[in-house]
Amino acid sequence: MELTITELTKDFRKTRAVSQVNYTFQSGVYGLLGVNGAGKTTLMRMITTLLKPTAGTITWDGQDVVQMDKDYRRILGYLPQDFGIYPDFTVQDYLLYMAPLKGIRPVLAKARAEEMLRMTGMTQHRKLKMKALSGGMKRRAGIAQAVINDPKILILDEPTAGLDPSERIRFRNLISELATDRVVLLSTHIVSDVESMAGQIILMKNGKFVMTGSSEELIRNCPDRGWLCDVPKKQVNDCCLKYRVSSIKTMADHAKLRILSREMPMPGAVLEETTLEDVFLSCFGERSGDESDHGVV
Amino acid sequence: MSLMGFEWKKVVTKRANQILLILLAVLVAYSCSRAVRQVEWMDGSGNAVNGHAAAVKLRREKEQWTGVLDQTTLEKALAHLREIYSTTPQDLQQGENNWPLRSRLQGIQDIADLLGLAFADTYDTFEEMVEKLQPEDLSRFYEKRVEALSVQFFEEGNWGYANYTENEKQYIVEQYQSARTPFAVGYQEGWVQVTEQLPSLMKYALILLSFLLAGIFSDEFSWKTDAVYYNTYYGRTKSTIAKLWIGFLAITVIYWLCVGVFSLVVLGSLGTEGAAQTLQSDASYWSTRYNMTFLQYYLLTVGSGYCGFLFVGYLVMWISAKTRSPILAVLIPSLLLLIPMFLHEIYSLFLRKVIGLLPHWLLDIPQAMHYVYLYQVGGQVTSLISIILPLYSCLTLLLVFLCYREYRYKQIA
């Protein structure tokens, strides 16, 4: 079970979205981290055959996926970032439709749809029209369709975006359950999600893989460290300009800053344990603030 | 439920499509009422009756003239016309108060019109013809018809037809000569109304249907379901074929329901008599070169309309699959159908021949019957209708293939 991408490149007119990427995915969960425009979605869309690469190849167990055509799509599950729905279908209709569409024989479709409803906790909402579903329920329906064909490759693009904390935890557990004996590639902005789900993490920047490895490996290889500093309130702005500040806690007469730096930034700074968020900030710098909607920095 | 069942469900559960179906029903109801009300009967005092009641009275009036338009019938008709004109006071023959004359002519109006057209070159007015035409002249009725039509055709040459080749001119005259004579005449209002009103119904129904068809492919994009749809096992193959079948089914069901209900109501109300009558027995088809009965004409109109629906339907689907825009998908074919309506004043023969190949003719056979569009294929002169039916049947098949190809290899960025 091996998904290999070789020299994978995608150009859109004058922009290179993905640039000569090489990687081999084996069974397990892979987290793809990167800022907006890093090329994550483009990479995923090439892996799902939605986009043709400009150059390079994608192979599954040595076979070119373009040549495999629908045989490759049979082992594929995909939950896109903008997961669309058929508004007038009920959840059950939707799964009963997706089952034959994904090549499941009609005699098995119903049982498989039932199983997916149970797995995602949607059994009691089966008769609800999809337009009436909440964001979390839509995502659950999305993951149900993605795994209804028991895929060998599961691609999840921002699966937890827009979910409340309890839905996110539920979703994370669900993905962890699904992770056995398949390649799961998920992209997210939420560092804690990747940390809790992914065995391997890929940091993507400007269309390239800049760092790969387990969470521990990335932390170990991060050149920066996290320092906790007590700073007078009036110096906070200067510190923000001078250092990469991952958090600011304002007190009565001073502020506690967490600064990323290779060296001790100021006397009295206390070295703290490096986290994956520090790695992310260290790798992407100021641009990571572009999408700090989930407290990445 | 099969993939086709789900594709059908996508179409019929969409609220906009349900509204479209209601609008289509309203359109059919309006068209039926309009067509039936076109038939008018008037009594001697000028009181008009419309619709089914008028059809009943008119049918009764025309009953005695039903049959073949041979020498005997023509002589009888001429005598009857003379009697009408001689017994109707002069001041009630012309102007707005000519109801008594109009009322008495209703039963024989079709034959009177044909006589007037055949002998128009000899007499200045219809009244003069009725007065002076000799029974022995009537033996030349069909001969005069060919003469009159040939003269009319070559006179039309003054504003654009002059460039017809000798082959084409000969073809036209032969077409006029080959009309089956004597004509069968009689009451045929049901067939006249059903064929004359069908084109309007077809055009508006097709525009409404286009909105429904435009969604079959482009809704996957507007619902943002495309990314999941395209990476499924059958998304690019079997399901695309299911969509094409759904398009075919929607076109077929809606077309035949609209045309069927309309025809049933109009023919049911106005009568089916006259199916075997010669098309040219109605004065408005006097100059047509297509020799057929009213039933054949009706079948040609609905058959050609179906061909037009299929072509425009698949064109809409292809544009929507290509551009992902339902608006554009509806707009382009609608323009294709409506623009030629404004191009009647084009005198260039070449341009007229090009316009003659546009698909709007498929939906407007009654108009196509009147136009002289001739084409030479392999040295053989042929008419517009003989060209557009096979042409658009082939183009429809091509569009089906293009639709499939478009979805088979679509990329989703």
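Model, not experiment: these values are computed from the prediction.

### A closer look at the domain arrangement of chain A
Residue and element names in this part refer to chain A. Domain annotation of chain A identifies domain 1 (2-218) and domain 2 (220-294). Between domain 1 and domain 2, the C-alpha centre-to-centre distance is 33 Å. Taken together, the contact between domain 1 and domain 2 spans 20 residues of the former and 14 residues of the latter. Considering only the side of domain 1, the residues that lose the most area to domain 2 are Val-35, Val-191 and Leu-218, jointly responsible for 30% of the buried surface there. At the boundary of domain 1 and domain 2, one finds zero salt bridges. One can count seven residue pairs in polar contact (both at pLDDT 80 or more) joining domain 1 with domain 2. Among the elements of the structure, α8 (191-197), β9 (200-205), β10 (208-213) and α9 (215-221) are those that each provide at least two residues to the side of domain 1 that touches domain 2. Residue classes in the side of domain 1 that touches domain 2 are distributed as 10 nonpolar, six polar and four charged.

### A word on the confidence of the model for chain A
Residues and elements named next belong to chain A. Per-chain confidence: chain A averages 88 in pLDDT, with 96% of residues scoring 70 or above. Element-level pLDDT for chain A is lowest in helix α7 (residues 165-178), with a mean of 82, against a maximum mean of 95 in strand β4 (residues 55-60). Throughout residues 287-297 the model reports pLDDT below 50, and contacts reaching past four residues in sequence, or to other chains, amount to 25 contacts.

### Concerning the pairing of strand β1 (residues 2-12) of chain A
Residue and element names in this part refer to chain A. Sheet topology note: the β1/strand β2 (residues 15-26) ladder contains eight bridges and is antiparallel. The partner of Asp-11 across the bridge, within β2, is Arg-16. Here β1 hands over to β2 after two residues, with Arg-13 in that stretch at a positive phi of 50°. Direction of pairing for β1 relative to β4: antiparallel, over a ladder of five bridges. Each bridged residue has a counterpart across the sheet, and for Thr-6 the counterpart in β4 is Thr-57.

### A short note on the packing of helix α10 (residues 189-222) of chain B against helix α14 (residues 326-338) of chain B
Residue and element names in this part refer to chain B. The N-to-C vectors of α10 and α14 enclose an angle of 145°; their axes lie 8 Å apart at closest approach. By crossing handedness, the relation of α10 to α14 is classed as right-handed. Where α10 abuts α14, its residues Leu-206, Ile-207, Ser-210, Phe-211, Ala-214 and Ser-218 lie against Pro-326, Ala-329, Val-330, Ser-334, Leu-337 and Leu-338. Considered class by class, the residues forming the contact of α10 with α14 number nine nonpolar, three polar and no charged.

### Some remarks on the interface of chain B and chain A
Listed per partner, the contact involves 29 residues of chain B and 34 residues of chain A. The junction of chain B with chain A conceals about 2800 Å² of combined surface from both sides, 61% of it contributed by carbon and sulfur atoms. Contact with chain A buries surface across chain B, with Phe-6, Asn-231 and Tyr-233 of chain B losing the most and accounting together for 27% of the total. Taken together, the connections running from chain B to chain A amount to two salt bridges. Our count for the chain B to chain A interface comes out at 12 residue pairs in polar contact (both at pLDDT 80 or more). Elements with a contribution of two residues or more to the side of chain B that touches chain A: α1 (3-12) and α11 (226-230) of chain B. Among the residues forming the side of chain B that touches chain A, the class breakdown is 11 nonpolar, eight polar and 10 charged.

### A few points about the domain arrangement of chain B
All names here are of chain B. You can read the domains of chain B as domain 1 (3-37 + 186-408) and domain 2 (67-169). Here the C-alpha centroids of domain 1 and domain 2 sit 37 Å apart. Roughly 1700 Å² is buried in total at the junction of domain 1 and domain 2, and carbon and sulfur atoms are behind 59% of that figure. The interface formed by domain 1 and domain 2 contains zero salt bridges. For the pair domain 1 and domain 2, the number of links is one residue pair in polar contact (both at pLDDT 80 or more). Contributing elements (two or more residues each) for the side of domain 1 that touches domain 2: α15 (349-355) and β5 (374-377). With three residues, the single largest contributor to the side of domain 1 that touches domain 2 is α15. Taken together, the residues of the side of domain 1 that touches domain 2 break down into eight nonpolar, eight polar and two charged.

### Comments concerning the sheet that holds β9 of chain A
All names here are of chain A. The mixed open sheet is built from six strands, whose spatial order is β6-β7-β8-β3-β9-β10. This sheet does not close on itself; its edge strands, each paired only once, are β6 (76-79) and β10. Direction aside, neighbouring strands of the sheet carry axes that sit 15° apart on average. Where strand β3 (residues 28-33) lies against β9, four bridges are found, and the strand directions are parallel. Residue pairing in the sheet places Gly-31 in a bridge with Ile-201 of β9. Against the sheet, α7 touches β6, β7 (153-157) and β8 (183-188), its axis set at about 155° to β8.

### Overview of the environment of Thr-180 of chain A
By the element assignment, Thr-180 of chain A lies in the loop between α7 and β8. Taking the relative accessible area as the measure of exposure, Thr-180 of chain A reaches 57% and is therefore exposed.

### Concerning the layout of surface pockets
All names here are of chain B. Approximately 420 Å³ is the volume attributed to the largest pocket. Glu-40, Leu-58, Gln-109, Asp-110 and Glu-189 are, among the 18 residues lining the largest pocket, the residues nearest its centre. The set of elements that each furnish at least two residues to the lining of the largest pocket consists of β1 (40-42), α3 (52-62), α6 (109-118) and α10. By residue class, the composition of the lining of the largest pocket is five nonpolar, five polar and eight charged. Its boundaries defined by the atoms lining it, the second largest pocket holds a volume of some 350 Å³.

Cut-offs and rules
- Residues numbered from 1 in each chain as written.
- Chains lettered and ligands numbered in written order.
- Predicted model: local features only at pLDDT ≥ 70, side-chain atom pairs only at ≥ 80, totals over all residues.
- Heavy atoms only, no water.
- Domains from an automatic or database assignment.
- Contact = heavy atoms within 4.5 Å.
- Buried area = accessible area lost by both parts, 1.4 Å probe.
- Salt bridge = Lys/Arg side-chain N within 4 Å of Asp/Glu carboxyl O.
- Polar contact = N/O pair within 3.5 Å; in protein donor to acceptor, adjacent residues only side chain to side chain.
- Helix = DSSP H or I, 4+ residues; strand = E, 2+ residues; numbered from the N terminus.
- Nonpolar A, V, L, I, M, F, W, Y, C, P; charged D, E, K, R; others polar.
- pLDDT = per-residue confidence, 0-100.
- Pairing = 2+ DSSP bridges.
- Axes fitted to C-alpha atoms, helices over the stretch in contact; angles between N-to-C directions.
- Left-handed = near helix turned anticlockwise from the far one by under 90°.
- Buried < 20%, exposed > 50% of the residue type's maximum accessible area, 1.4 Å probe, protein only.
- 1 Å grid on protein atoms, 1.4 Å probe; cavity = no way out; pocket = protein on both sides within 12 Å on 5 of 7 lines; lining within 4 Å.
- Points joined across faces, edges and corners; volume = space filled by probe spheres on them.

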